[in-house]
Structures are given as structure tokens and as C-alpha cells.
Protein chains: 4
Amino acid sequence: MTLARLRGIVPPVVTPFTSEGDVDVPSLERVTDHLVASGVHGVFVLGSTGEVAYLTDDQRDLVVRTVVRTVAGRVPVLAGAIDLTSARVVEQVRRAVAAGVDAVVATAPVYAINDAAEIEDHFRAVAAASEVPVFAYDIPVRVKVKLGADLLVRLGTEGVLAGVKDSSGDDVGFRRLVAANAAAGSPLTLFTGHEVVVDGMLLLGADGVVPGLANVDAAGYARLWERAEAGDWEGARAEQDRLAALFEIVFQAAGRSGDAAGVGAFKVAMQRQGLIDGATMAFPVRALEGEVAERIEAITRAAGLLGAAEAAAAVL
Amino acid sequence: MTLARLRGIVPPVVTPFTSEGDVDVPSLERVTDHLVASGVHGVFVLGSTGEVAYLTDDQRDLVVRTVVRTVAGRVPVLAGAIDLTSARVVEQVRRAVAAGVDAVVATAPVYAINDAAEIEDHFRAVAAASEVPVFAYDIPVRVKVKLGADLLVRLGTEGVLAGVKDSSGDDVGFRRLVAANAAAGSPLTLFTGHEVVVDGMLLLGADGVVPGLANVDAAGYARLWERAEAGDWEGARAEQDRLAALFEIVFQAAGRSGDAAGVGAFKVAMQRQGLIDGATMAFPVRALEGEVAERIEAITRAAGLLGAAEAAAAVL
Amino acid sequence: MTLARLRGIVPPVVTPFTSEGDVDVPSLERVTDHLVASGVHGVFVLGSTGEVAYLTDDQRDLVVRTVVRTVAGRVPVLAGAIDLTSARVVEQVRRAVAAGVDAVVATAPVYAINDAAEIEDHFRAVAAASEVPVFAYDIPVRVKVKLGADLLVRLGTEGVLAGVKDSSGDDVGFRRLVAANAAAGSPLTLFTGHEVVVDGMLLLGADGVVPGLANVDAAGYARLWERAEAGDWEGARAEQDRLAALFEIVFQAAGRSGDAAGVGAFKVAMQRQGLIDGATMAFPVRALEGEVAERIEAITRAAGLLGAAEAAAAVL
Amino acid sequence: MTLARLRGIVPPVVTPFTSEGDVDVPSLERVTDHLVASGVHGVFVLGSTGEVAYLTDDQRDLVVRTVVRTVAGRVPVLAGAIDLTSARVVEQVRRAVAAGVDAVVATAPVYAINDAAEIEDHFRAVAAASEVPVFAYDIPVRVKVKLGADLLVRLGTEGVLAGVKDSSGDDVGFRRLVAANAAAGSPLTLFTGHEVVVDGMLLLGADGVVPGLANVDAAGYARLWERAEAGDWEGARAEQDRLAALFEIVFQAAGRSGDAAGVGAFKVAMQRQGLIDGATMAFPVRALEGEVAERIEAITRAAGLLGAAEAAAAVL
């Protein structure tokens, strides 16, 4: 599996839970199979969408092992190695590699207050300790740091980083990163994490996307990718517009936390499609219910998912 | 002039200064003529690129009157009405309208600490007092508030706002705004202020763009617009890539303020092309000089501007 | 009037409005007289508490002239000179000086994006154009910039700044400023704007305080000052504790904007004491009413103000 | 050991490292002994000053066991239980309790994006799993959340929280917390983390302080405490002024990260006093050296520490 050439749709897989709060392994197997069957090009476990911050090390291992076993080599499996600082991240990398992932994804340090030089050394240390390629995860809304294009391309050129998952929301910065990477011979594989501007990001040169919403409509993202690959940009835009309308599910839980409203909405829409058994969230986040869940279901139905997908789920 | 149908490239015109710090009227006439001759679809004076915050009321009047006189009805002229709060903004609107502008552009209150309901009332009051259409100017980096899509579309539907200039850098939010506006029957004309993602923004449905960089390369943005209008998205992307490379001029003055590095770079690149006489900035900002200015000149030359544009400027 | 020696309590005077939104001159005269009679050592008009951002230039002139006339030289009058950038601030200074103020208070530029060197030049230009002493107003919650102790003490030593009104909420920074100022021979007069930590700020060396809450209980702050001057720190603490309990009025309007909740609460508590005729706020802010106003009244009564103060007001 | 009555000086102990990056146990024993001998009332390990974010679980265990063994019951030992979210924090609590600490200190979740209700449930879960009292650690500069006084006092009243370490820098908020706690019968023990405003914080009612700078001058903080206890507020202020001048060591490494400049300066000043063998920081932070270290040494000497402390260290 040549990760240097990974391109396309790489969903960040949600972590289903039983009502007791344990990892729901059968549901995780089912959603993993569904994603691969829908035509995605890779899967990313233990990301923010996978509620990685809430999982114990044992739960993380269980998630990774379940997905690696289910994917069975059909596509690459990337795993988040999320912890406070270098030495702790390295331990997460070790565990993920032992569980069989093809690449790991690491952020800058969390809680620590570091400068750019320290962050660069951090990535060097993580990569030096990793037997698989390392992607940088740029997610300032959680890490409170924006990774600079200069730093990323330099680490790409030196072989430290294999790529970047950009969830910064800074599309001007992403275009600068794409340009700087191209000028350097494209050492980095560049993925955007923003699921509603994929058409524009692919047009400007992204190698792919890590769309949380693909948990809800993987086939839609696969179509969007194919149209972009074919140069059918207006077709890509139309598919993206449909997916952007579906993305409104994450704005229904007004007043709830970001994790509850976002991943919580994905889980409700997935549960309604039969992709997972329940919409339980990791403690202390409570699942979306009642009127909010009904609005999410209505939006999902309006996107054309509840008929066909229910049937598809029944077949699996 | 039907502003409701304004589409295309609407550059925010820089304000040239003499070395004594006065508005350089001949240079302002020259750059205005150059922009219109290059095929832009409107001009926007007294924006952030126009250093509006630094200008006295008399200087603002002089800028507006000069540009209105020079444009002479060939394209619409929009003017920023920038002040702290409603009553003061209304006075700015009155002056701009008296000077002959076709529309005004207003932000949410500055310095005041208001909530969404107060901001909505602010826009209602400004529009009620204006004889010309009002655009909302969404620029959180300066105003420290992000205008919500709900508020904007509601004010559009009610006829309060004619459009939005979005300089928020939040492209996910911009797509939501485009979708919500379309669902409401497109009451708002929607412009992005981000000059390096214009291809993607036009693909997703923007009505146009207000690119500061068009002061440096207006013809490039005109070509980008034409390609997008023709559905030649890869041609648009190629032109945008060239312009994005040119935009690197604003990243040369490391350690200088945002206003010095950005508008300062535009002015150096314009001065080198003969579009304005000098690169002087409004007090207390000092012009870019020396090695930084040389790097800006080199980037401008690499973008193919210094040969052809110098010739074009000589003809004017 | 030797401003270099100004010490003590200098309330930022609220601007009362009629129900039509005009400056309520009789109420402004009444509250000004009440403040001076209560033993304050100066008054500060056109500050944030005075809703300066919302006032037109004509309204600002009216406020300054009314207060200067009413104070009649009994204590110094300071005025905020609040506008976007240097040239516009200088015009505000000119108007305030013409109206008779003893000193002006200016912030760093607003809306503009400047660095420390530009901010320093800004203060130099404002001071060069002012016939009265200039205080720097450090209020990052509105201006989005924190003024550094180095810059302030340097400008004090050079005679550019006479003092600082620190509303930054950064008490560690304020102690550093006090220490740096003392080490430089105390060129600056240093006031804190934080009305609930005055005991500690006076203990550490502040020259005085600009407490918005003194509009509601001026006599309380005068007592607090006298106890601190007498070295009765536990007495000062007890008075401050009482005032801090009164300050809870600003936390009653949950969900309302900062300006509505804060200044709005002061106005309700003042209106209940008969110090001003109505609690009207500047457009677009709506006055606090109903249950929120009742809670504010109850807290004011619990602080012992409504009996005695009503009687005092009746005497004026 | 009755933690409910803990009052006084509780330094956050630095974690010394060997030049190879291992925990330097002899140095840690020495500094711990020095702190207790200097008259502090408790010690806090695995805080931000202890570089907790950078330590592996094994290193954390080693630190706690070393300090607990060295303290030998002379004062209480508190330990930070710092990890991303509830389940992981509970595991940290379990380890710290097994190592013998008297109380644990936990933040709100990190990396996760939670609302107030979720944060409240988080603290309930942590406390329910802890055999020792739990303090909330309010440090927004790292956790990016400010804990509200209402939430804290409610959890105190219910017996969930034993106290709060407030490193928020929001002294207005701290006074509100002190007042709300007093009104509820003082269920919480309230410590400030801000080492340069201790006089004012004790005056307003803090139960104690967690001063990182006490690693450098523990005896100074012990004297400050005794003077405040004796009601000698001007004596307390004088001692605090001396300590504030010493605190300038953390501002010497301009351009370095917060962790490097702050904890790095403490370590240099401690090494110069012989309290620890070296100033090595946790990877990827590099120790302060050269001219910066010389300035730190000079400030430490000016504070009167290098003569006496060297002698004291020689005695140990």
C-alpha cells in the first residue's frame, strides 16, 4: 500500500458506543464495511469525529484493531495519535502501529505552550519513532495553534511528514500550502477536512478530503470525487451543494457543545439509516434526542438517504 | 445602474498619498481609470484596502468625489461608510451619497460591544437613513464580530440589505450563506473579499469578488472572471494560481503590521508599474522600502506585470 | 489644576438620555453634581461607560460642555477622545479641549491593524496635537490590543503621556506597570478601571481608580479611598466587598450584550435612586426592564442605597 | 491531614531533569526538602510548572512517589491529574492516589469541545472515582475554558470539589468566586496561581497561593504569608514587591515559548542557587542559556538570593 499516492475520500470514522458506553464493535464493523463498500479510498480512525479525546488507551486499541480487521487491506487505515506532547504521542503511535495501521496522524502539542521551533522538533521526534508515515493534523479549533506552510513543506521535503490533514478552516492558507508544496515537488499529500468546500479545494489542488459527513453519505462523497476527477466541476459543485444541505444537520442542536452538535448529529443520521445501532456519545457528552433528532432525520430524509440507505443497510 | 444585478470584479481602490501625506488626486484618478479600462465591473472606495480608518472626513470626501468623477458612470461606485456606531455611520452614509456613490458598505458597530439583535437594528437604522443600497461588510479581523447567515438573509429578504462583502475568511460560512440566500430567492448580492480563492468561490455561487490584489493586476482578475463565466474552471484555476503567486507580495514584510504588509505591498507593486506615484501609507504606517520592496518588485515582475503594465501605464 | 498630581476616585460619567434618545442635560447636570458632592476627585466623560462610541460629535460636545459647566472647576474633567485612528482622534481632542476639559484619554487605533511602533507613533501624534495632558486608555476588550508597560513608561518618561487608565483586567500586567513606572521616577499617573479590586490595586500602588460603579455609589468609593489612604486596609477591603456585592447588578441581564448588561444596569440603579430620569440607552441598545430591572433594584436596595440615596437625591 | 483546612503557600514543584532528559530524582528530593524546610504549607506536583504535559505516565509516577516519600507527611501533597477527558483523567487520579497523594487537581477537558453542563458532569465523574479530595484547576491559557463561579460553588456545596486553583488571571472573577463561596458557607478552599498579586488576593480572601516563583524563593512567600496573616498589609506588599521584581526573570527570554521562558527561568534561577543540578527542560523545550541565563542570574542576585541561598543549599 503506497501511502505517498493516497488520494481521494478518507472518512474519519465515528466510534459507535453501546448504551453502557462501551465501544460497539458490531456497529463499528458495519459502518467500516459500509464506507469501504461505498467507494472511499481510505479510512481515518481516532480522529476528532471518532471522539478520540474521550477514549481510553484500551478503547483506542479496540477501535483500531476492529477497523484494521474489517478493512482487511482493501484501503489504507490511518489512525490519530492524539495526546498532550511528544513522548506521550510516541506511545500512542507505538500502539497504533502494533494494531496494524498504515499511517498515523498527529497534532502539535496540546496544553503545552510551544513555539514553532518546538513544534517542529515535536514532529521530528514523533516521525523518528514511527514505523509508518506521519501526517500532521492541523486543527486550531482544538489545538489552538495554526501550522505554517513553511514548516509543513520543510518537514515534507525532509521526509519527516508524509502529508497534512488541514482542518483549519483557513482556505487562503490551504491554497498557499498547496502552492508551496507543488513548488517543492509535492512531497506532501494534502487533505482538507472541510466537507462543504470540497469542490473548490479539489479544483485548487487538494489530494483528497477527510469528511466527517461521509459517515452519513459516503456514496455522495465518492460521486463528488469522481466528478472532480473527470473535470466535471459543475457536476462536482451540484453534488457538493447537496452534501452541504445535508451538513445542516450539525447546526440543529443550538446551545449544545461543538462535539455534541457535530458528531452527535452524524450519529443520529447514521442510526436512522441503520449504519449503527445507537447514537450514544462518549461521556460526558449526551446524545441528541427529541425534536433536534427529528430535525436531523428530516434533513437526512430530504437528502434522499433514508429510503435507499435503509434498503442498503438491510442488505448488509 | 441596477445594483441588484451587480456581478463580477469590484476592486477596493487604494488611496494614494503624496509624500506629505495628502491624498494624491492625480494618482487616484490614474488608478481608477486603469481599473475601469482593465474591465472591472465596479469599484469600492473607502474600504480597508483604501485605508479608510486613517482618513479624515474631508479626505474621505475628496477620495469619493475624485473616483466618482473619474469613473463617470462607466461602472457603479460603492463606498465604505466606516465609523464606530449607527448614528456616526449614518453621517458617513450621508456624506458618501452626497458625493455621488451608487451604494454604501457598512460594518457592524466597532468598539461597542453589541449582540446580534443590536447589530440587526444597527443595519436597519443605517439602511433606513440611506438613499442608496446598503451592503454589509463582514470583516471579523477588524470588527471582531462574524455576521450570521440567518441575520444577513433575513435582512436581505426584508429589503434592508442589498448584499454582503464577505472578508471573514470563513469559506464554510460563505457557502452556507450562498445556499441560504439561494433558498430565499437570492435577495442578496454576495461578494467574497478573498482574492486567492476566487475560482472556488465563483464555482460555489459567489456573485463576484472584491480583490485588493486587483489594484496590482486588474486584468488578471478580469480574465479569471471571464473564464469562470464561460465554465472554463480549469482555466479559471490557472489564472487564480498565477494571481495567488502574485499575492505572496503581502507576506514579504515579516514583523510589520497587517496594514503595512498588505496595503503597503500593493502600493509598492503599483508604484513599480507606474499606476501611482508613490507608496506612501497613511500615518502612522510607514511605507515598505529597501529589501522588502525589492522582493515585492521581483514577485511582481515574475507575474509578468512589470513589462506589459509599464507600457500600458505609459499609454494612459 | 495640576493633573500630574491627580489621585483618587475619577468616575466615568454615564450619559443619560431622554426617551427620544437625546442627551438628557438636566439628568447629566444632576449626576455630575452628585458625583462631585460625594467626594470624587475628578470626572471622566466620554468613556465606555459614557457610551462614547454611540454619540455623534455634536452629542459629545454637549456632554463635555454640560459637565465642564456643572463641575465648574471643583475637580478636573477628563474626556475620552475616541475615534478610529490618529488624525480622527486629534480632531476629537481639539473639540474636547475647546469645550474646556483638563485632560484627554485616547486609545490605540481601532479597526486599523497596527504594530507596537505604529501605536507608539499614534500616541506621539495625538499628544503633539493636544494642548492638555494625554492619558492612554488600555481597554483590550474593545480595542483588541494590550498596551505594553515598556511602551507606556517610555512615553511617560518622554512627556508624551501623563498617565494610563488601565481597563485591561490584567492585574499582573498592572503591577508590572506600577513597578516599571516607579523605577522610572513615576512619570505616569496610573488608574485602574476595575471597580471590584480597588483595595488590592491601591495596596500595590495605583494612583486611583475610574470605577463605572461609582455612578451608582460614589460615596462608597470615596470611603474606600479614604480608608486606603489611612492605611486601614481591612476597612478598605470591607467597603470593597460591599461594592463588589453591588457590582452583581451587571451580571443580571444574562444573554444581553456587554454594553446593555453593564451600563444598562448602572442606569437602572441610578434611575431608582433618582440620580437620572430614565434608563434609556443609546441606540441600538435597549434599556433593561422588567424582571431584570427588578433584580437590579433589589441588589441596589440590599447595598443600602435606595433609602439613603433617595433622600440625598431629594435634597439636591 | 485535613485538606479542608489547607491554607497558605503551596508551590507547584518543578520537575528537574538530567541532561539525558530523565527525571533527576536527587534534585527533585533536594528541592522538595528545601521547600518544606522553607515553611511552605503544602506542595503541588504535576502542575504546569512541573511540566506535567510532557511527562509519560511512568515519569509522572516517579515524580509523585519521590515527592511523597521526601515530604514524608510533613505537609499535604497535591498532584495534577492532567489528561484529555474524564475517563483518562480518572486513570491519572487512580495512579496518583496509588502513589500516595493527599488530593488531586483536575482541569476541564482538553482538546474536546464541551459546554458547561458537560464540564460539570466531567468533574462529577472525576470526583466520584477519586478516593481523595479533588480541586478544580482553572487555567484558560492552556485549557481554553474559564470555569464559572456558579459551577464551582455548586460543585463545592455538593461535596464534589474541595477547592479551586485559579490560574485564570481574571482577578475580578476571583473576587466574585471568593464572595460566592463565602455566601455559600465556604465549601471551597480557594487558591490563586498568580504569584505577583498575592498581597491583594490574600486581602480579598484567598485561602492561599500556588506560586511557581516559590521554587526560586520559597522563604519570601512564607514571609509574605506571615505578614498577611498578621494583618501587616504594607509589610506584605513590600515583600510582594520584592518578589514581583524577581518575577521579571520570566520576561527575559523574548521570542521563546511560554513554557521555555517561564519554567525555563525558574530552573535557571534554581540551578544558580544549587537547588537543582541543571536547567534542562522536557523535550522539545530547550533550556535557557547564554545571555538570557545571565540576565536571570543577575535578577536573582539582585533579589538577594544568590548569597544566602547558596549557603543554605550548601548546608542541605
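It should be emphasised that the depicted structure is a prediction, and the values quoted were computed from it without experimental measurement.

Calculation notes
Residues numbered from 1 in each chain as written. Chains lettered and ligands numbered in written order. Predicted model: local features only at pLDDT ≥ 70, side-chain atom pairs only at ≥ 80, totals over all residues. Heavy atoms only, no water. Helix = DSSP H or I, 4+ residues; strand = E, 2+ residues; numbered from the N terminus. Rg over C-alpha atoms; globule rule 2.2 N^0.38 Å. Buried < 20%, exposed > 50% of the residue type's maximum accessible area, 1.4 Å probe, protein only. Least-squares fit on C-alpha atoms with pLDDT ≥ 70 in both. Contact = heavy atoms within 4.5 Å. Pairing = 2+ DSSP bridges. Right-handed = clockwise from strand over helix to strand, strands pointing away. Buried area = accessible area lost by both parts, 1.4 Å probe. Salt bridge = Lys/Arg side-chain N within 4 Å of Asp/Glu carboxyl O. Polar contact = N/O pair within 3.5 Å; in protein donor to acceptor, adjacent residues only side chain to side chain. Axes fitted to C-alpha atoms, helices over the stretch in contact; angles between N-to-C directions. Parallel < 35°, antiparallel > 145°, perpendicular 65-115°, else oblique. Left-handed = near helix turned anticlockwise from the far one by under 90°. UniProt positions renumbered as here; feature names shortened; annotations may be inferred.

A. Seen up close, the overall build of chain A. From N to C terminus, chain A includes 13 helices and eight strands. For 316 residues, the compact-globule estimate of 2.2 N^0.38 gives 20 Å, and the C-alpha radius of gyration of chain A, at 18 Å, lies within 12% of that figure. Dimensions along the principal axes, computed over C-alpha positions, put chain A at roughly 50 × 45 × 40 Å. Counting all 316 residues of chain A, 64% fall into the buried class.

B. Structural context of the relation of the copies chain A and chain D. Rotating chain A by 180 degrees and translating it 0.0 Å along the rotation axis places it on chain D, where the RMSD comes to 0.0 Å. These values place the two chain copies in the arrangement generated by a two-fold rotation axis. A symmetric contact is evident, with 100% of the interface residues of chain A recurring at the interface of chain D.

C. Spatial organisation of the arrangement of the chains. Without any contact between them, chain A and chain C keep their closest C-alpha atoms 12 Å apart. In this assembly chain B lies apart from chain D, the nearest approach of their C-alpha atoms being 12 Å.

D. Local environment of the relation of the copies chain B and chain C. Note on the identical chains: chain B maps onto chain C by a rotation of 180 degrees and an axial translation of 0.0 Å, with an RMSD of 0.0 Å. Comparing interface residues between copies, 100% of those in chain B also sit at the interface in chain C, which points to an isologous, same-surface contact.

E. Looking closely at the pairing of strand β7 (residues 189–192) of chain B. Residues and elements named next belong to chain B. Alternating positions in β7 separate into two faces, T189 and F191 on one and L190 and T192 on the other, with burial throughout. Where strand β6 (residues 163–166) and β7 come together, four bridges link them in parallel fashion. For D166, the partnering residue across the bridge sits in β7 and is T192. The parallel pair β6 and β7 is bridged by helix α7 (residues 171–183), and the resulting crossover is right-handed. Where β7 meets strand β8 (residues 208–209), two bridges bridge the pair, whose relative direction is parallel. Directly across from F191, in β8, lies its bridge partner G208. The parallel pair β7 and β8, bridged by helix α8 (residues 198–203), forms a crossover whose chirality is right-handed.

F. Structural context of the interface of chain B and chain C. Listed per partner, the contact involves 43 residues of chain B and 43 residues of chain C. Approximately 3400 Å² of surface area, both sides summed, lies buried where chain B meets chain C, with 58% of it carried by carbon and sulfur atoms. Of all residues in chain B, B:R88, B:Y111 and B:I113 bury the most surface against chain C, accounting for 25% of the area lost on that side. Where chain B packs against chain C, one counts six salt bridges. Its salt-bridge partner being C:R88, residue B:D57 comes within 2.9 Å of it at the nearest N-O pair. Where chain B meets chain C, there are 24 residue pairs in polar contact (both at pLDDT 80 or more).

G. Representation of the packing of helix α3 (residues 86–98) of chain D against helix α4 (residues 116–128) of chain D. All names here are of chain D. Contact geometry of α3 with α4 gives a least axis separation of 9 Å together with a crossing angle of 30 degrees. Accordingly, the angle class assigned to the pair α3 and α4 is roughly parallel. Along this stretch, α3 crosses α4, giving a crossing that reads as right-handed. Listed contacts from α4 to S86, V89, V90 and V93 of α3 are H122, A125 and V126.

H. Region of interest: the UniProt feature "binding site: pyruvate" (unreviewed entry) in chain A. Residue and element names in this part refer to chain A. In the numbering adopted here, UniProt assigns the feature "binding site: pyruvate" (unreviewed entry) to T49 and V210. Despite a sequence span of 162 residues, these residues sit close together in the fold, their greatest C-alpha distance being 10.1 Å. Among the structural elements, T49 can be located in the loop between β2 (43–45) and α2 (57–71). With relative accessibility at 13%, the residue T49 sits in the buried group. With sequence-adjacent residues up to four places away left out, T49 is seen in contact with P12, V13, V14, T15, G212, N215, V263 and F266. The topology assignment puts V210 in the loop between β8 (208–209) and α9 (218–229). Owing to a relative accessible area of 6%, V210 belongs among the buried residues under this scheme. Setting aside its immediate chain neighbours within four residues, V210 contacts V10, P11, P12, F44, K165, F191, T192 and G193.

I. Here's a closer look at the interface of chain A and chain D. The interface of chain A with chain D comprises 43 residues on the first partner and 43 residues on the second. Taken together, the two surfaces of chain A and chain D that pack against each other cover about 3400 Å², and 58% of this comes from carbon and sulfur. A per-residue breakdown of the area chain A buries against chain D is headed by A:R88, A:Y111 and A:I113, which together make up 24% of the total. Here A:R286 and D:D121 are joined by a salt bridge, their closest N and O atoms 2.7 Å apart.

J. Highlighting the sheet that holds strand β4 (residues 103–106) of chain B. Residues and elements named next belong to chain B. With respect to topology, eight strands assemble into an open sheet ordered β1-β8-β7-β6-β5-β4-β3-β2, the strand pairing being parallel. The open sheet has two free edges, formed respectively by β1 (8–9) and β2 (43–45), since each of these has just one partner strand. Note: β2 against strand β3 (residues 77–80), three bridges, orientation parallel. The residue of β3 that forms the bridge with V45 is A79.

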